[in-house]
Amino acid sequence: MSSSPDRRDFLVHTAGGLAASLFTPSLALARPTIRAGAPLKLGVVGVGRHGRAILGELATIPECAVTAVCDTDDSRLQSALRRAQGAKGFASIAELLDKAPDVEALVIATPTHQHREVALAALAAGKHLYLETPLAHTIEDLQALSEAARRSTRTVAAAFHGRANPVYSLARSFFRAGALRELATLRAQNHKKTSWRTAGSTPEREREANWQLDPAVSLGLIGELGAQQFDVFHWFLSKHPVSARARGDLRLHKDGREVPDTVACELTFEDGLVLDWSGTLANSYEGRFELFQGAMAAIKLAWTHGWMFKEGDAPTAGWEVYANRQQFHNDSGITLIADATKLAAQGKLQDGVGLPYTSLYYSLADFVKCATEKAAPACSLSDAARTSAVAILAHQALRTRSEVAIDPKLLEAL
Amino acid sequence: MHERLATAAMGTRFELVLEARDAAHARAAGEAALEEIERCDARWSVFRSDSLLSRVNREALAHDVALDSVTFELLEACLRFQQATQGAFDIAVGARMREFRSGALSPATERCGAFELDAARRSVRFTRAGTSLDLGAIAKGEALERAAEALRDAGVERALLHGGTSSVLALGAPSGASGWRVQLADFDADRAEVALCDRALSVSATHGRTLRVGERELGHVLDPHSGAALAPQARCAVLGPSARENEAWSTAALVLLARGLDPRELAPAHLEVRAMHAPTDPTRAHSAPTVPPRAHDALREPLCPTPR
């Protein structure tokens, strides 16, 4: 094509009904536009490895300022304070709420089993809340959190990142428009070779830091890794599974732990559709992805990128002529690019552009925007509670080595 | 208990060898260190569209871009190094480096780019059109320092870390030894081995990656003042307490040499510009080690850095 406007016109006017509807959604490739004003004063509670990653992302969002950091471990707290210049440090949520009343919003990244206590205190104090996922390790805690969130007039968001990710939003618009037709299989994995241990300067600190390996409180790989991906399927399908089965084993890290390092989980939906999920800490091949396979196409999502693989007999839309493609062994995938029309207008559709920000950034920026503008977040606590409940019950299936029913009424009440 | 771990980041292989109280502790501490390196890669890679540096390069000409504290401090240090080296070290050479990597280096004309920092807003803004930042080797040095900090936080006191073998950082010394033995290839025999203890070493050379333009062989180090690629003739090693600072000075030293200056006259006293070597036989420089980094048993044989 000789000029960008011509190409854009071509995309708008010649794409078929499906393609036209796919490119129509208003998808923001750029960061969310947040209303100007005084920066939102934020506190971050729990500054282990993930909490520090959150601090790094928050520092690049000018519409917020981290003014308080909280952790029960002083070495973690001091390390976080070096990253959050100007913030005050606190050893407990009670101390933070008492001594830093000007903090407007809290990001909770404590261990999962401590979410309930911290989040309820934050909501009772009238703070906006961003809660890490899974939300809790028991159904009782989920019910308490849901009830408190319903009573709150503040923004209460949860950290299932797919819902704020522009590539996932674009893929969902394809999916909801029926591009895959009859669904056949759903598959996802999170594979990474790692011990999943946290080192501590002393054996005592190390025990406390490795709560994920404590079977009394940990939801294991299914909860801590799988839930993030289960939520993508729940969001795309607008439904939840009705039963769960799982099996797990220690394949590599035979260091005295009980929590399996390799897990396979099967979530069955009411119509018989099955989501197969696997997680392992023994091998990194293909990393983390979600895969939807239908009669006309498959969609593969991998957080910063997404692809569509079309069947030979699938209808071809005009825009596909210009789409970027990637080869995966025998299959050619069309790269799903948010803001495709805009990029086409700039002549960049074939460049294979990935996300300009991290998935975590989009999720946090959405929270800051919604807390500032008093809007509904991309992932509500209610949505996250339902997915967390599925993870808790799937983990129960792993521990009992039996099929566990997932009661729709239980999820509905959350 | 010794543990060895490695990861691929910043286009090279990072490795570490560490001593810890038991195998589980060693593994967990080493993984925390590698995660820091991977996090640095995610922040500063010019090859990832979602990295913070890519965001800066896309947007900083149009408006201020907010930075995390680690990146801001690194850019502040880069400006200090730029001043101290009389502009021989400058990260605003990203556009020229892109040209070099693509094999299409346009004629050098003027200084590559410019940026300024706003400490109050902790942000960066480009002050010249066409500016693009490329942290290059200094990112490797910074990543090693972050990784060493993660090891110290985890209670590890003895470790050797390297990135692509050209940047090496020692935490303490191996049990029963005065330092981690590191061998400098192609340097004079009496300076061919050093023992590192709580020190870092950076080795730079212009011949690591080269580009042929007509009859001329050009190295991958550019003079930021002119944008010109240097001829592949020089190498140098810098020892000092900071891997980050060593990287800046070992790169700058090559540029200063090409300008006919002695980098030892500019370098701060706490740095040891241990060896510089300009081979008279150009074929030797071209055939200098460019083999992929290999695993080393730093406890039994010295690490042999490959100049960048």
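Everything numeric here is computed off the predicted structure, so don't read it as measured data.

Criteria and cut-off values
- Residues numbered from 1 in each chain as written.
- Chains lettered and ligands numbered in written order.
- Predicted model: local features only at pLDDT ≥ 70, side-chain atom pairs only at ≥ 80, totals over all residues.
- Heavy atoms only, no water.
- Helix = DSSP H or I, 4+ residues; strand = E, 2+ residues; numbered from the N terminus.
- Buried < 20%, exposed > 50% of the residue type's maximum accessible area, 1.4 Å probe, protein only.
- Contact = heavy atoms within 4.5 Å.
- Areas by Shrake-Rupley, 256 points an atom, 1.4 Å probe, with all protein chains shown as cover.
- Buried area = accessible area lost by both parts, 1.4 Å probe.
- Salt bridge = Lys/Arg side-chain N within 4 Å of Asp/Glu carboxyl O.
- Core = buried A, V, L, I, M, F, W, Y, C linked by side-chain atoms within 4.5 Å.
- Polar contact = N/O pair within 3.5 Å; in protein donor to acceptor, adjacent residues only side chain to side chain.
- Expected span 1.5 Å × (residues − 1).
- Pairing = 2+ DSSP bridges.
- Axes fitted to C-alpha atoms, helices over the stretch in contact; angles between N-to-C directions.
- Disulfide = S-S within 2.5 Å.
- Parallel < 35°, antiparallel > 145°, perpendicular 65-115°, else oblique.
- Left-handed = near helix turned anticlockwise from the far one by under 90°.
- Nonpolar A, V, L, I, M, F, W, Y, C, P; charged D, E, K, R; others polar.

1. Section: the overall build of chain B
Regarding its fold elements, chain B presents eight helices and 16 strands. Buried residues in chain B amount to 58% of all 308 residues. When contacts within chain B are restricted to residue pairs at least 6 apart in sequence, long-range pairs at least 24 apart make up 65% of them. A total accessible area of about 12200 Å² is found for chain B, and carbon and sulfur atoms account for 48% of it.

2. Topic: the interface of chain B and chain A
Each partner contributes residues to the interface: chain B has 28 residues there, and chain A has 30 residues. For the pair chain B and chain A, the summed buried area comes to about 2300 Å², and 41% of that belongs to carbon and sulfur atoms. Summed over the three residues of chain B that lose the most area to chain A, namely Arg21(B), Asp50(B) and Arg55(B), the buried surface amounts to 22% of that side. Between Arg21(B) and Glu206(A) there is a salt bridge whose closest N-O contact spans 2.9 Å.

3. A short note on the nonpolar core
One recurring pattern in soluble globular proteins is that nonpolar side chains are buried together. By size, the foremost hydrophobic cluster in this structure holds 116 residues, and its most contacted members are Leu42(A), Leu58(A), Leu106(A), Phe292(A) and Ile299(A). The dominant element in this core, judged by the number of residues it contributes, is helix α13 (residues 381-400) of chain A, at 11 residues. Leu52(B), Ala60(B), Leu133(B) and Trp249(B) belong to the second-largest nonpolar core, a separate cluster that totals 63 residues.

4. Examining the environment of Ala397(A)
Residues and elements named next belong to chain A. Turning to its location among the elements, Ala 397 is positioned in helix α13. Residues Ala 397 and Arg 247, 150 residues apart in the sequence, show an inter-C-alpha distance of 8.0 Å. Apart from the residues within four sequence positions on either side, Ala 397 is in contact with Ala 244, Arg 245, Ala 246, Ser 402 and Val 404.

5. Quick word on the side chain of Asp71(A)
Residue and element names in this part refer to chain A. Along the chain, the position of Asp 71 falls in the loop between β2 (64-70) and α4 (74-83). Taking relative accessible area as the criterion, Asp 71 reaches 6% and is therefore assigned buried. In this structure the side chain of Asp 71 is engaged in a polar contact, spanning 2.8 Å, whose partner is the backbone nitrogen of Val 47. Once residues within four sequence positions are removed from consideration, Asp 71 is found in contact with Gly 46, Val 47, Gly 48, Arg 76, Leu 77, Phe 90 and Ala 91.

6. As for helix α3 (residues 69-84) of chain B
Residue and element names in this part refer to chain B. Helix length check: α3, at 16 residues, gives a terminal C-alpha distance of 22 Å against a target of 22 Å (1.5 Å per residue), a fit within 8%. Measuring from the backbone nitrogen of Val 70 back to the side-chain oxygen at the start of α3 gives 3.1 Å, which picks out Asp 68 as the cap. Backbone geometry just after α3 places Gln 86 at a positive phi near 55°.

7. So, the side chain of Asp68(B)
Residue placement: Asp68(B) occurs in the loop between β3 (65-66) and α3. A distance of 3.3 Å separates the side chain of Asp68(B) from the side chain of Arg43(B), its partner in a polar contact.

8. Let's talk about the sheet that holds strand β5 (residues 123-126) of chain B
Residues and elements named next belong to chain B. Ordered by their spatial adjacency, three strands build an open sheet running β3-β5-β4, and the pairing between neighbours is antiparallel. Of all strands in the sheet, those bounded by a partner on one side alone are β3 and β4 (115-118). As paired elements, β3 and β5 share two bridges and run antiparallel to each other. When the bridges of β5 are listed, Val 65 appears paired with Val 124. Relative to β4, α3 is tilted by about 130°, and along the sheet it contacts β4 and β5.

9. Topic: the state of the cysteines
Residue and element names in this part refer to chain A. Throughout the structure, instances matching the rule amount to zero disulfides over all chains. Cys 64 carries a free sulfur, and the closest cysteine sulfur to it, the one in Cys 370, is 13 Å from it. Just so you know, Cys 370 is unpaired, no disulfide at all, and the nearest cysteine sulfur is the one on Cys 379, 11 Å from it. According to the relative accessible area criterion, Cys 370 is buried, its value standing at 3%.

10. Some words on the packing of α3(B) against helix α6 (residues 243-258) of chain B
All names here are of chain B. Across the interface, α3 lies against α6 with an axial gap of 11 Å and an inter-helix angle of 40°. Classed by the angle they form, the pair α3 and α6 counts as oblique. When you trace α3 past α6, the crossing you get is right-handed. Along the contact surface, α3 presents Glu 73, Leu 74, Ala 77, Arg 80, Phe 81 and Ala 84, while α6 presents Arg 244, Glu 245, Ala 248 and Trp 249. A breakdown of the residues in the contact of α3 with α6 according to their chemical character gives six nonpolar, no polar and four charged.

11. So, the sheet that holds strand β7 (residues 183-191) of chain A
Read across the open sheet, the 10 strands follow the order β14-β15-β13-β12-β11-β7-β10-β9-β8-β16 (chain A); overall the sheet is mixed. Both edges of this open sheet fall to β14 (325-328) and β16 (404-405) of chain A, since each of them pairs with a single strand only.

12. Section: the pairing of strand β10 (residues 274-280) of chain A
Residues and elements named next belong to chain A. Pairing of β7 with β10 involves six bridges; the strand directions are parallel. Paired with His 191 across the two strands is Thr 280, which belongs to β10. Pairing between strand β9 (residues 262-268) and β10: seven bridges, direction antiparallel. Residue pairing in the sheet places Glu 266 in a bridge with Asp 276 of β10. Hairpin remark: β9 followed by β10, antiparallel, with five residues in the connecting loop; positive phi at Gly 272, about 90°.

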